[in-house]
Amino acid sequence: MTIGMKIKKEKVLLIAFLSVLAYVFIHLSKSLLGLDKFNLCILRCFVISIFILYSFMKKDLTTWILLSIIIGIEMGLDCPKIAVELRFLSQIFLKLIKTIIAPILFSTLVVGIASHSNIKQLGSMGWKSLLYFEVVTTLALFIGLIAINISQAGVGIVMPSGMTEQQLPKVESKTWQDTILHVFPENFIKSIYHGDVLPIVVFSVIFGISMVFLEDKKRSPILLFAESLSEIMFKFTKIIMYFAPIGVGSAIAYTVGHMGLEVLYNLFQLLLTLYIALLIFLIVVLLPILLWIKVPLKGFVKALTEPVSLAFATTSSESALPLLMENLEKLGVPRKIIAFVIPTGYSFNLDGTTLYLSLATVFVAQASGIPLSFSQQILIGLTLILTSKGVAGVPRASLVILLATVSSFGLPTWPILAIIGIDELMDMARTTVNVIGNGLASCVIARSEGELNEKKMLDYIKKKSKNDS
């Protein structure tokens, strides 16, 4: 029964994609075929009905979000006035996500530092890991900035009339002294109220470091509270994500209805820019590191295929965690190294997320017509390196950080409504790179500590090869 259902789902999905391709071909040839808007609308509704059938058979959040994108585009095309009025639904979604910025940053940073940053306990493995994390994420950041500056994906988006006064805040010129002063918290509650991310991060980091020097009896209650708060906010985010199909659908409907279908060209450009940038990062940065530490590419790929597939499908690095740790141990990485590097990497080594955030932030500036100097982009990047920590476990949680960063630097938030429409597709790619990056990090630290088990690695590769054959 299950196999039959699976075959039916695959058939329906195949028909849906073939229908989309057929529709695109017909739409491009509409003048030759003599089709009017009504006939094209009928064709679109036919394609959507197939996707609705597939969504009811599949019954998962990812599929419903993709369906909402298609329905949102249709509403924007055929009912632009209604689509524009639905904007409040996407605003509700954005407001709900904004509520978790401060608590999730505070809890994840405190837990990450207080649990893993005991100098006596970590030793050389600790500083090597943190140094490696920061170097690699910085390289990812620069690749993201270079890619979006080359593609200029956000340039050319026409801001809707009447949106200027509501959405474009005045960007006041600040001296470098003002910028540095803004980093340090004057009042933690005030920073939360205004949504100032950097002061929240600085307070949380100092708070976490202070906990390291406390005895276990005094530290444990606060650490337990931070861990509980972190888990609660993860669950909170997951609950919010059930509203995502409605929020995303209304966002893309408003985008198409108010800005026109032309904006989708820019979104496709952004999506393509991200995928190419991530591919370049894998080839130019991670692959040379893998070859440098002399880990066979074949064995590494075999160990990460399953967890990466899971992460890609669920858009959550956390879902791949157990399988990733298990496969890395089979590859020859000691359990004690895996136990430290992987959880720490999930907070401090988000290569795909950092690259995406740098790229998306500049996209927002380009779409808004606000020029950013290279030094301003570097400052944004350095901010993102700090603020992107600790969000790997939650699907699309990087949207939270993007919203916070855009607000902190005085950029308008309206282009993010367009980005939300394809965020699901972008999240798949960046989550995949996050998992690959953390898998490689554990191998790097194991090699640097001289504890990578060569014999176990070779046996694993041979065993996998036999099973595959």
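Naming follows an unreviewed UniProt entry, where the chain appears as Glutamate /aspartate:proton symporter of Blattabacterium cuenoti BPAY. Of the chain, the UniProt comment under Subcellular location (unreviewed entry) reads exactly: "Cell membrane".

K.L.:
Any chance you could break down the overall build of the chain for me, citing the residues and the numbers?
P.N.:
When its secondary structure is counted, the chain shows 23 helices and zero strands. Going through the 469 residues of the chain one by one, you find that 50% of them count as buried. Counting only contacts in the chain whose residues sit at least 6 apart along the sequence, the fraction spanning at least 24 positions is 83%. Here the chain displays about 22,600 Å² of accessible surface, and carbon together with sulfur accounts for 70% of that area.

K.L.:
Just give me the short version of the pattern of salt bridges, but keep the residues and values in it.
P.N.:
On inspection of all chains with the given rule, the structure shows six salt bridges. The closest approach of N and O atoms between E449 and K128, which form a salt bridge, is 3.1 Å. With E449 in the loop between α22 (414-448) and α23 (454-468) and K128 in helix α8 (residues 119-151), this residue pair connects regions lying 321 residues apart in the sequence.

K.L.:
Explain helix α21 (residues 398-408) to me, and be specific about the residues and the numbers.
P.N.:
The buried fraction of α21 is high, at nine of 11 residues. Regarding α21, the residues found buried are S398, L399, V400, I401, L402, L403, A404, T405 and V406. At the exit of α21 stands G410, carrying a positive phi of roughly 70°.

K.L.:
Describe the packing of aromatic side chains, and please don't skip the residues or the numbers.
P.N.:
Tallied over the full model, the rule gives six aromatic pairs. Ring geometry for F106 versus F188: centroids 5.9 Å apart, planes at 50°, classification tilted. Here the residue F106 occupies a position in helix α7 (residues 101-116), and F188 occupies one in helix α11 (residues 188-194), the gap between them amounting to 82 residues. By relative accessible area, F106 is classed as buried at 12%. Here the aromatic residues F106, F188, F203 and F207 are joined through ring pairs into a cluster of three or more. For R430, the ring lying beneath its charged end belongs to Y356, and the centroid distance is 3.9 Å.

K.L.:
Give me the nonpolar core: which residues, what numbers.
P.N.:
Core analysis: the largest hydrophobic core is formed by 114 residues, its most contacted members being Y132, L270, F281, F300, L355, I419 and L440. Looking at which element gives the most residues to this core, the answer is α22, with 17 residues. Non-local contacts of I419, meaning those with residues more than four positions away in its chain, are made with L267, L270, Y356, A360, F363, V364, L402 and M426.

K.L.:
I'd like to hear about the packing of helix α6 (residues 87-98) against helix α13 (residues 216-241), residue by residue, with values.
P.N.:
Their axes nearest at 10 Å, the elements α6 and α13 cross at an angle of 175°. In this view, α6 runs roughly antiparallel relative to α13, as classed from their interaxial angle. Contacts between α6 and α13 involve F93, L96 and I97 from the first element and F236, I240 and M241 from the second. Among the residues making up the contact of α6 with α13, the classes are represented as six nonpolar, no polar and no charged.

K.L.:
So what's going on with helix α17 (residues 321-331)? Which residues, and what values?
P.N.:
Buried within α17 we find L324, N327, L328 and L331. For α17, the angular spread of the buried residues around the axis is 100°, confining them to a single face. Following α17 by one or two positions, G332 has its phi on the positive side, about 115°.

K.L.:
Tell me about the packing of helix α19 (residues 351-368) against α21, residues and numbers included.
P.N.:
For the pair α19 and α21, the least separation of the axes is 10 Å and the interaxial angle reads 40°. Judged by the angle between their axes, α19 and α21 are oblique. The handedness of the crossing between α19 and α21 comes out as right-handed. Of the residues in α21, those touching α19 at T353, Y356, L357, A360, T361 and V364 are S398, I401, L402, T405 and V406. Here the residues of the contact of α19 with α21 are counted per class, giving seven nonpolar, four polar and no charged.

What counts as what
- Residues numbered from 1 in each chain as written.
- Predicted model: local features only at pLDDT ≥ 70, side-chain atom pairs only at ≥ 80, totals over all residues.
- Heavy atoms only, no water.
- UniProt positions renumbered as here; feature names shortened; annotations may be inferred.
- Helix = DSSP H or I, 4+ residues; strand = E, 2+ residues; numbered from the N terminus.
- Buried < 20%, exposed > 50% of the residue type's maximum accessible area, 1.4 Å probe, protein only.
- Contact = heavy atoms within 4.5 Å.
- Areas by Shrake-Rupley, 256 points an atom, 1.4 Å probe, with all protein chains shown as cover.
- Salt bridge = Lys/Arg side-chain N within 4 Å of Asp/Glu carboxyl O.
- Phe/Tyr/Trp six-rings, centres within 6.5 Å; stacked < 30°, edge-to-face > 60°.
- Lys NZ or Arg CZ within 6 Å of the ring centre and 35° of its normal.
- Core = buried A, V, L, I, M, F, W, Y, C linked by side-chain atoms within 4.5 Å.
- Axes fitted to C-alpha atoms, helices over the stretch in contact; angles between N-to-C directions.
- Parallel < 35°, antiparallel > 145°, perpendicular 65-115°, else oblique.
- Nonpolar A, V, L, I, M, F, W, Y, C, P; charged D, E, K, R; others polar.
- Arc of directions from axis to C-beta.
- Left-handed = near helix turned anticlockwise from the far one by under 90°.

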